[in-house]
Amino acid sequence: MKTRKRFGQHFLHDPGVLKRIVEAVAPETGDVVVEIGPGEGALTGPLLERIEHLTAIEIDRDLAANLARDFSSRKLSIVTADVLDFDFSALSPGLRIVGNLPYNISTPILFHLARYADRVRDMHFMLQKEVVERMVARHSTPDYGRLSVMLQTRFRMQKLFNVAPGAFRPPPKVDSAIVRLVPLQEKMQCDEAVLEKIVRDAFSARRKTLRNALPLEARDYAELGIDPKLRPENLSPPDYVRIARRTETQGGI
Ligand code: SAM
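Residues numbered from 1 in each chain as written. Predicted model: local features only at pLDDT ≥ 70, side-chain atom pairs only at ≥ 80, totals over all residues. Heavy atoms only, no water.

Asks: Please explain the domain arrangement of the chain as it appears in this structure.
Replies: Frequently, the measure chosen for interface size is the accessible area removed from exposure when the parts meet. What the domain assignment lists for the chain is domain 1 (5-183) and domain 2 (192-249). Summarising the inter-unit geometry, the C-alpha centres of domain 1 and domain 2 are found 32 Å apart. Taken together, the contacts link 13 residues of domain 1 with 15 residues of domain 2. Looking only at domain 1, the three residues that lose the most surface to domain 2 are Y144, R146 and M150, adding up to 40% of its buried area. The tally of links from domain 1 across to domain 2 stands at 1 salt bridge. The closest approach of N and O atoms between E192 and R154, which form a salt bridge, is 2.1 Å. In this structure, the connection of domain 1 to domain 2 is made through 7 residue pairs in polar contact (both at pLDDT 80 or more). Classifying every residue of the side of domain 1 that touches domain 2 gives 4 nonpolar, 6 polar and 3 charged. (Domains from an automatic or database assignment. Contact = heavy atoms within 4.5 Å. Buried area = accessible area lost by both parts, 1.4 Å probe. Salt bridge = Lys/Arg side-chain N within 4 Å of Asp/Glu carboxyl O. Polar contact = N/O pair within 3.5 Å; in protein donor to acceptor, adjacent residues only side chain to side chain. Nonpolar A, V, L, I, M, F, W, Y, C, P; charged D, E, K, R; others polar.)

In structure tokens, the structure reads:
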């Protein structure tokens, strides 16, 4: 079947890579597993050998119809939809989410999923290697940015291994990597909308000092113990949470 570029379709065919992914996920009977973008079912099949049931979200109607033909409806529930519109709170908690994600919308998918962190047990994704490096980057390094902060305030993340373009058909132009995300046991408490706005404002002015990038007063920085001459990339995720809490107590933004 012709691959659809607009849906970021690169199908995995390397058995060694598929095996490593399934081993990393280590699915067990009874797990509540959701696959994003099952495509032709390269991962779906090996996952279903280990679990009783899987929910798969696929935007491409033709691929969804083929999957419905290839797998029993008792084992595979297919949701033909855009994952960005999918309400994960409709599923049982303890979700294990997996997927070789469409790279053209991987960042919006990650931001969407971050909102459901408290329903999730873990997530394993294939992504563009550079995106994984941005997700796990530590503060004060060049890859650190909005994606790092918004995910690190909710998840512990680990890059597992790289995957070369030849593992896919057609091969993507970029290198890929598998990443694991596990929700933090102790959630960093603050208003999510306030945090999102502060982090967006900060990194849209990455070269500015905090004093010029954020609407805080000198007194706020003094009480938070944060130097206003630092740049947004120098603050850790907990620093951003403290700024969000301070902003909330002052009546928001
Ligand atoms: N899992 C398959 C594999 O490894 O061979 C396919 C991976 S391919 C990189 C991405 C898959 O996500 C495609 O099947 C594509 O149709 C699907 N997809 C793209 N955009 C989507 C969206 N917004 N919602 C759900 N699925 C989407």
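From this point, the discussion proceeds with the structure in view.
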